[in-house]
Structures are given as structure tokens and as C-alpha cells.
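# Structural characterization, general
Below are the chains, spelled out letter by letter.
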Amino acid sequence: MLRSELVEFIAEENPEFHDDEVKRIVDIFFETMTASLERGDRIELRGFGSFAVKRRAARLGRNPRTGEPVHVVEKNIPYFRTGKLLRERLNKG
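Report on the accompanying structure. Everything numeric here is computed off the predicted structure, so don't read it as measured data. (Residues numbered from 1 in each chain as written. Predicted model: local features only at pLDDT ≥ 70, side-chain atom pairs only at ≥ 80, totals over all residues. Heavy atoms only, no water.)

Within a regular strand, the side chains alternate between the two sheet faces. Inspection of the sheet shows strand S3 (residues 59-62) paired to strand S4 (residues 69-72) by 4 bridges, in the antiparallel sense. When the bridges of S4 are listed, Gly61 appears paired with Val70. The hairpin formed by S3 and S4 contains 6 residues between the paired strands, and Gly67 there has a positive phi angle of roughly 85 degrees. (Pairing = 2+ DSSP bridges. Helix = DSSP H or I, 4+ residues; strand = E, 2+ residues; numbered from the N terminus.)

See the structure below:
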């Protein structure tokens, strides 16, 4: 589902809100989540899952084309773990 599809779905389910208001709410939601992850906070949406940031240490990698060693810098990676309810809904049936 694309962000625009999400906005459209929410707007259809809530006709009392104008499309621009729904778009702004969705934008604020994602911006707030992004800012929280940038600070290193963990986000938990009960029944859906949790988002966290994992740190990958610097390491010595390898260029797949030439095979020569390449230094890979330390980086932060977003990580999502599904919640129990979501896993159960996806695997029922």
C-alpha cells in the first residue's frame, strides 16, 4: 500500500475529514515516527509490531566484482519486528 492509498482509504472511512486533513495527519504520524527513530527511541504499536534502530559495527567487506577488501563504516539500520496479533492474523487459515 502506498502512502497515497493509505490517505485515500482513511479519507473514505472518515468522510467528516477533508482529504488535505487526512494527508496532514498521515504526514505528521510518519514524521513523528522518523524523528523518534532518529533519537534512538523504540516505537511499539501494540498488536502490530515495534520499530527500533540497530547499530551495525564497522567491518571489512569485500567488493563482489573485484574481490578486494573494502572498509564498511558503522551505520544505523531501522528494524521492524511484527507483533503477536499481526503474526497470528497473517498465518491463520
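Before going further, it helps to spend a moment on a positive patch on the surface. A surface patch of positive charge is lined by Lys54, Arg81, Lys84 and Arg87. Its place among the elements puts Arg81 in strand S5 (residues 75-82). Residue Arg81 is classed as exposed on the basis of its relative accessible area of 52%. (Patch = residues over 30% accessible without salt bridge, like charges linked within 9 Å, V, L, I, M, F, W, Y side chains within 5 Å. Areas by Shrake-Rupley, 256 points an atom, 1.4 Å probe, with all protein chains shown as cover. Salt bridge = Lys/Arg side-chain N within 4 Å of Asp/Glu carboxyl O. Lys, Arg positive; Asp, Glu negative; His and termini not counted. Charge placed at Lys NZ, Arg CZ, Asp CG, Glu CD. Buried < 20%, exposed > 50% of the residue type's maximum accessible area, 1.4 Å probe, protein only.)

A separate point is the pattern of salt bridges. In the structure shown here, the tally under the stated rule is 6 salt bridges. Between Arg3 and Asp27 there is a salt bridge, with its nearest N and O atoms 2.9 Å apart. Separated by 24 residues along the polypeptide, Arg3 in helix H1 (residues 3-13) and Asp27 in helix H2 (residues 19-38) bring together distant segments of the chain. The salt bridge partner of Arg39 is Asp41, with a shortest N-O separation of 3.1 Å. Exposure remark for Asp41: the relative accessible area of 33% places this residue in the partly exposed category.

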